[in-house]
Amino acid sequence: VTVQPFKKGPDYIDAAWLRLAAGVPATNLDPYFLEPSRLRALFGHTMRVAAARQAAGNEAGSPSMERQGRLLGLLEGNRGFFDGMDARGSCSTAELSRILACPVIISVDCTKMTRTAAALVRGMLTFEEGVTFAGVILNQVGSSRHEKILRQALEEHTNVPVLGALPRLAE
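## As for the layout of surface pockets
Taken as a whole, the largest pocket encloses approximately 610 Å³ of empty space. Along the walls of the largest pocket sit 23 residues, with Leu74, Leu75, Pro103, Val104 and Ile105 positioned nearest its centre. Counting only elements with at least two residues in the lining of the largest pocket, the list comes to strand 3 (71-76), helix 3 (93-100) and strand 4 (104-109). Looking at the lining of the largest pocket, its residues break down into 14 nonpolar, 7 polar and 2 charged.

As structure tokens, this is what we get:
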């Protein structure tokens, strides 16, 4: 999978990290500065350029032949998912996901919680209309037993698949 990174907001530091990770420049998408039609146009243009770069093969700065195949646009949000400029969440990552009609993967810090993770995810599922949740990644998982309980709770109380789990690391 070739990743085309996007960053919500005008942040240049995170965009630089995303460029480093993906090997291609990240595009900033900011609902404060751009109206919805411009955001969709910029997203579409960037993905078309990424697809052309991918098809070109071994040109300078493009993914190697081994990485050609599927293309994934990956948008990193900021703040809490529903947090924006005001109480209604204007300019939030949730708003941008609705504008672009893109599925959302939730990353949950599972430090010292089990069933509460399911309650948080369930609350996100019902908080606002028009958001499509594709999965959840469990972060800061303490042990295989902890992961098992988290997965069971999410399976029982939500319909969101667990896509993966990242362990808590001492360092």
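## Side note on the packing of aromatic side chains
Inspection of every chain in the model, using the stated rule, returns 5 aromatic pairs. Centroid distance Phe6 to Phe43: 4.7 Å. Interplanar angle 35°. Geometry classified as tilted. Separated by 37 residues along the polypeptide, Phe6 in strand 1 (residues 2-8) and Phe43 in helix 2 (residues 36-56) bring together distant segments of the chain. Residue class for Phe6 comes out buried when judged on its relative accessible area of 0%. Look at Phe43 and you get partly exposed, because its relative accessible area is 22%. Aromatic pair Tyr32 and Phe33: ring centres 5.0 Å apart, planes at 85°, arrangement edge-to-face. Exposure class is identical for Tyr32 and Phe33. Each is exposed. Pairwise contacts between aromatic rings join Phe81, Phe82, Phe127 and Phe133 into one cluster.

What counts, and at which threshold
Residues numbered from 1 in each chain as written. Predicted model: local features only at pLDDT ≥ 70, side-chain atom pairs only at ≥ 80, totals over all residues. Heavy atoms only, no water. 1 Å grid on protein atoms, 1.4 Å probe; cavity = no way out; pocket = protein on both sides within 12 Å on 5 of 7 lines; lining within 4 Å. Points joined across faces, edges and corners; volume = space filled by probe spheres on them. Helix = DSSP H or I, 4+ residues; strand = E, 2+ residues; numbered from the N terminus. Nonpolar A, V, L, I, M, F, W, Y, C, P; charged D, E, K, R; others polar. Phe/Tyr/Trp six-rings, centres within 6.5 Å; stacked < 30°, edge-to-face > 60°. Buried < 20%, exposed > 50% of the residue type's maximum accessible area, 1.4 Å probe, protein only.

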